[in-house]
Amino acid sequence: MVRVIMGAKGSGKTKQMIEMINHAAENESGSVVCVEVGKKLVYDVSRNVRLVESSDFAADNFTFFKGFISGMYASNYDLSHVFLDSLCKIIPSEPDSPEVEEFLAWLDRFSEENGVKFTVTISADIALATEAMKAYF
């Protein structure tokens, strides 16, 4: 399962994401991971959530990021939910680019094959969402 939360800056995405992260940490039996840009969520999410600061790794393209996610799963088969906060900031990209669409489709396949849920935020006007992206809303 892949869920995308998309909206302009200040639309409440982060607050919604924090609530979802804490709910997952409390109610899911597996490990919960949140990949973020900066360390802005460190005081807002449960200490049971593994926070990963994306700039600690040289994640500069979606091919690398697929390998990064695959590696997280390979090192922890109990992974149940991964939150990606600000996808287009983690991997610098335009929200309506084909690369973002393809990455979301890959996440969906990965989710189905491995039983890992993904929640992704994208900071952009929802009007920029492509039809393929809207399938994950």
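Here the structure is a predicted model, which means the values were calculated and not measured.

### Things to note about the overall build of the protein chain
A count of helical and extended segments in the protein chain gives 5 helices and 5 strands. Ordering the α and β elements of the protein chain from the N terminus gives β-α-β-β-α-β-α-α-β-α. Taking 14 Å as the expected radius of gyration for a compact globule of 137 residues, we find that the protein chain reaches 14 Å, a close match to that expectation. For the protein chain, the share of sequence-separated contacts (at least 6 apart) that also reach a separation of at least 24 residues comes to 69%. Only carbon and sulfur atoms are counted for the fraction: they give 50% of the accessible area of the protein chain, which is about 7,200 Å². If the 13 positive side-chain charges of the protein chain are averaged to one point and the 20 negative ones to another, these points end up 5 Å apart.

### Structural notes on the pattern of salt bridges
All chains considered together, the criterion is met by 4 salt bridges. Note that E28 is salt-bridged to K117, the shortest N-O span being 3.2 Å. One end of the pair, E28, is in the loop between α1 (13-27) and β2 (31-36); the other, K117, is in strand β5 (residues 117-123), and 89 residues separate them in sequence. For E28, a relative accessible area of 18% gives the class buried.

### Re helix α2 (residues 62-75)
Turn by turn, an α-helix covers 3.6 residues, leaving residues three or four places apart pointing in a common direction. In this model, α2 (14 residues) spans 20 Å end to end at C-alpha, consistent with the 20 Å of a helix rising 1.5 Å per residue. All of the buried residues along α2 are F62, F65, K66, F68, I69, M72 and Y73. For α2, the buried positions fall inside an angular range of 160 degrees around the axis, keeping them on one side. Relative to its buried face, α2 has exposed residues pointing more than 90 degrees away, namely T63 and S75. Of the surrounding elements, those touching the buried residues of α2 are β2, β3 (50-53), β4 (79-84), α3 (87-90), α4 (98-114) and β5. Taking the backbone nitrogen of T63 as reference, a side-chain oxygen 3.1 Å away marks N61 as the first, capping residue of α2.

### Some words on the environment of H81
Note that H81 resides in strand β4. Note on H81: relative accessible area 5%, which makes it buried. If we skip the residues at most four places from it in the chain, H81 touches A24, E28, S31, V32, V33, V116, K117, F118 and T119. In terms of polar contacts, H81 uses its side chain to reach the side chain of E28, at 3.0 Å. One polar contact links H81 to T119, side chain to side chain, over a distance of 2.8 Å.

### Quick look at the packing of α2 against α4
Between α2 and α4, whose axes approach to 11 Å, the crossing angle comes to 15 degrees. Relative to α4, α2 is oriented roughly parallel. Judged by the twist between their axes, the crossing of α2 over α4 is right-handed. Residues F62, F65, K66, I69, S70 and Y73 of α2 form the contact with α4, whose participating residues are E99, V100, E102, F103, W106, L107, F110 and N114.

### Section: the sheet that holds strand β1 (residues 2-7)
Strand order across the open sheet formed by 5 strands is β1-β5-β4-β2-β3, with parallel pairing between neighbours. Each of the sheet's edge strands pairs with one partner strand only, and the pair in question is β1 and β3. Between one strand axis and the next, the sheet turns through 15 degrees on average, direction left out of account. Where β1 and β5 come together, 6 bridges link them in parallel fashion. Across the sheet, G7 pairs through a bridge with S123, a residue of β5. Seen against the sheet, α1 touches β1, β2, β4 and β5 and runs at an angle of roughly 155 degrees to β1. On top of the sheet, α2 reaches β2, β3, β4 and β5; it is set at about 150 degrees to β4, its chief contact.

Reading the values: the criteria
- Residues numbered from 1 in each chain as written.
- Predicted model: local features only at pLDDT ≥ 70, side-chain atom pairs only at ≥ 80, totals over all residues.
- Heavy atoms only, no water.
- Helix = DSSP H or I, 4+ residues; strand = E, 2+ residues; numbered from the N terminus.
- Rg over C-alpha atoms; globule rule 2.2 N^0.38 Å.
- Contact = heavy atoms within 4.5 Å.
- Areas by Shrake-Rupley, 256 points an atom, 1.4 Å probe, with all protein chains shown as cover.
- Lys, Arg positive; Asp, Glu negative; His and termini not counted.
- Charge placed at Lys NZ, Arg CZ, Asp CG, Glu CD.
- Salt bridge = Lys/Arg side-chain N within 4 Å of Asp/Glu carboxyl O.
- Buried < 20%, exposed > 50% of the residue type's maximum accessible area, 1.4 Å probe, protein only.
- Expected span 1.5 Å × (residues − 1).
- Arc of directions from axis to C-beta.
- Polar contact = N/O pair within 3.5 Å; in protein donor to acceptor, adjacent residues only side chain to side chain.
- Axes fitted to C-alpha atoms, helices over the stretch in contact; angles between N-to-C directions.
- Parallel < 35°, antiparallel > 145°, perpendicular 65-115°, else oblique.
- Left-handed = near helix turned anticlockwise from the far one by under 90°.
- Pairing = 2+ DSSP bridges.

Keep in mind that these numbers describe shape and distance, not what the molecule does.
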